[in-house]
Amino acid sequence: MSKYRPVPLKGYVTRDGAQMQRRAANFYRSIKTRRTVRMFSKRPVPQGVIEKCVLSAATAPSGAHMQPWHFVVVSAPAVKRRIRLAAEKEEREFYRKRAPKAWLKALAPLGTDAEKPYLETAPYLIVVFQRGYDVDAAGERIKHYYVSESVGIACGILLTALHHAGLATLTHTPSPMGFLRTLLGRPANERAAMIVVAGYPAKGAKVPNIERHPLADIATFVG
Ligand SMILES: Cc1cc2nc3c(=O)[nH]c(=O)nc-3n(C[C@H](O)[C@H](O)[C@H](O)COP(=O)(O)O)c2cc1C
């Protein structure tokens, strides 16, 4: 028997072709200005903004509707500092020893290094955890499906929502990220997927002059 009783589709708005064209173009005009920012301002951001963006992220579809995510929103300076120190320790090892040459070569044009001051400067670090499984009241494991895909979609919506609200973001994946579970006291069934750094960009913030592939290179239309 279905656990979820079917209910009428709510909130869907039918739009004609012209309206859709306009809306799609407007959305593209906005989202193409999203950039990964690595220079943040200390200027505070109301927590309510972050709360709505996390709620938006959690509207993501997920394999068998398991919602296999948890968002730890860190604004406490002492915790941000501990995350920075632990991330820089891992990143120093990564850049000096662990990273394969090809990976370093791919990163070189972006000019990134082991120093992560933004982990302290930005008002929020949203640490996204993926939950490999849940445990029910009887102690039985509830398996999750397509966890990485589901959490990846949630992270995409989170970045989009933060951008839409007017915030700059950085997707940060210190390598490895195991320290985040211990540092933030998360349970054994969770693994950090990424840190989404969010805040205002610093005055005069600069970004790498990258280009994106044109439509003809990234899409094939069959029909
Ligand atoms: C999964 C993932 C991990 C990333 N990890 C890092 C990171 O650890 N540090 C960093 O500076 N940028 C990181 N980035 C940002 C990319 O370098 C950036 O998205 C890319 O250069 C394109 O730039 P744009 O986001 O401004 O379009 C990551 C992006 C993704 C999607």
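Procedures and definitions
- Here the residue index of a chain counts from 1 through its sequence in written order.
- Given that the model is predicted, a residue must reach a pLDDT of at least 70 before its local features are reported, and side-chain atom pairs must reach 80 or more before they are shown or counted; all residues, however, enter totals for whole chains, interfaces and linings.
- Strands are runs of DSSP state E lasting at least 2 residues, helices are runs of H or I lasting at least 4, and numbering of each runs from the N terminus.
- Our exposure labels follow a C-beta count within 10 Å of each residue's own C-beta, placed from the backbone: buried means 20 or more other C-beta atoms, exposed means 12 or fewer, and partly exposed covers the counts in between.
- Any residue whose backbone-placed C-beta atom lies within 6 Å of a molecule or strand is treated as near that molecule or strand.
- For this classification, Asp, Glu, Lys and Arg are treated as charged, while Ala, Val, Leu, Ile, Met, Phe, Trp, Tyr, Cys and Pro are nonpolar and the rest, including Gly, are polar.
- Between N-to-C directions, angles cover 0 to 180 degrees, with each direction set by a line fitted to C-alpha atoms, over the stretch in contact for helices.
- Two helices crossing with the near one rotated counterclockwise from the far one by less than a right angle form a left-handed crossing, whereas a clockwise rotation gives a right-handed crossing.
- A pair of residues counts as a contact when their C-beta atoms, built from backbone coordinates, are separated by no more than 7 Å.
- For our purposes the nonpolar core covers buried Ala, Val, Leu, Ile, Met, Phe, Trp, Tyr and Cys residues that link as a set through C-beta atoms within 7 Å.
- What a helix is expected to span follows from its residue count: subtract one and scale by 1.5 Å.
- Between any two strands, at least two bridges found by DSSP are needed for them to pair.
- Starting at the helix axis, one direction is taken to each C-beta atom, and the arc is that of these directions.

**Describing the overall build of the protein chain**
Counting secondary structure elements, the protein chain contains 8 helices and 6 strands. Across the protein chain, helices and strands are ordered from the amino to the carboxyl terminus as α-α-β-α-α-α-β-β-β-α-β-α-β-α. On the principal axes, the C-alpha backbone points of the protein chain span a range of 55 × 50 × 40 Å. For the protein chain, the proportion of its 223 residues judged to be buried stands at 24%.

**Some details on the site of the ligand**
Around the ligand, a shell composed of Arg35, Thr36, Arg38, Leu110, Thr112, Thr171, His172, Thr173, Met194, Val207 and Ile210 is seen. Partitioning the shell around the ligand into residue classes produces 4 nonpolar, 5 polar and 2 charged.

**Quick look at the packing of helix α2 (residues 47–57) against helix α6 (residues 147–165)**
Relative orientation of the contacting elements α2 and α6 amounts to 145 degrees, with a least axis distance of 8 Å. Crossing hand, α2 versus α6: right-handed. Residue-level inspection shows Val49, Cys53, Val54, Ser56 and Ala57 of α2 in contact with α6, the latter providing Ala154, Ile157, Leu158, Ala161, Leu162 and Ala165.

**Overview of the nonpolar core**
In terms of nonpolar packing, the biggest core is built from 38 residues, with Leu125, Val128, Leu158, Val196 and Val197 touching the most fellow members. Where this core is concerned, the elements lending two or more residues are α2, β1 (69–74), α3 (77–98), α5 (118–121), β2 (124–131), α6, β5 (168–172) and β6 (190–199). By residue number, the principal contributor to this core is α6, which donates 8 residues. Contacts of Leu158, omitting those with residues within four sequence positions, involve Cys53, Val54, Ala57, Ile126 and Val196.

**Concerning helix α1 (residues 17–31)**
Spanning 15 residues, α1 covers 21 Å between terminal C-alpha atoms, matching the ideal 21 Å at 1.5 Å per step. Judged by how many residues are buried, α1 sits mostly at the surface: 0 of 15 residues are covered.

**Topic: the sheet that holds β1**
Pairing is antiparallel across the open sheet formed by 4 strands, whose spatial order is β1-β2-β6-β5. Two strands bound the open sheet, and with one partner strand each, they are β1 and β5. Averaged over all adjacent pairs, the angle separating strand axes in this sheet is 25 degrees, with direction ignored. Across 6 bridges, β1 lies against β2 in antiparallel orientation. Bridging from a neighbouring strand, Trp69 pairs with Gln130 of β2.

**Some points on the pairing of β6**
Remember that side chains alternate between the two faces of the sheet whenever the strand is regular. Counting buried positions along β6 yields 9 of 10 residues, so the element is predominantly enclosed. Where β2 and β6 come together, 8 bridges link them in antiparallel fashion. Bridging from a neighbouring strand, Val127 pairs with Ile195 of β6. The pairing of β5 with β6 spans 5 bridges and is antiparallel. Note that in β6 the partner of Leu170 across the bridge is Val197.

**A word on α2**
Turning to α2, its buried residues are Ile50, Cys53, Val54 and Ala57. Taken around the axis of α2, the buried residues stretch over an arc of 100 degrees, which confines them to a single face. When the buried face of α2 is taken as reference, the exposed residues oriented beyond 90 degrees from it are Gly48, Glu51 and Leu55.

**Some words on the environment of Val72**
In this structure, Val72 sits in strand β1. With 19 C-beta atoms counted inside 10 Å, the residue Val72 sits in the partly exposed group. Residues Val72 and Lys105, 33 residues apart in the sequence, show an inter-C-alpha distance of 32 Å. The contact partners of Val72, leaving out residues within four places of it in the chain, are Val127, Phe129 and Leu184.

**Some words on unusual backbone geometry**
If a residue is not glycine, its phi is most likely negative; likewise, a peptide bond is most likely trans. Here Ser175 and Pro176 are connected by a cis peptide whose omega angle stands at -5 degrees. Mapping Pro176 onto the fold places it in the loop between β5 and α7 (179–183). The residue His65 is not glycine, and still its phi comes out positive at about 50 degrees. Position of His65 relative to the elements: it lies in the loop between α2 and β1. Even without a glycine there, the phi angle at Gln67 is positive, about 45 degrees. Mapped onto the secondary structure, Gln67 falls in the loop between α2 and β1.

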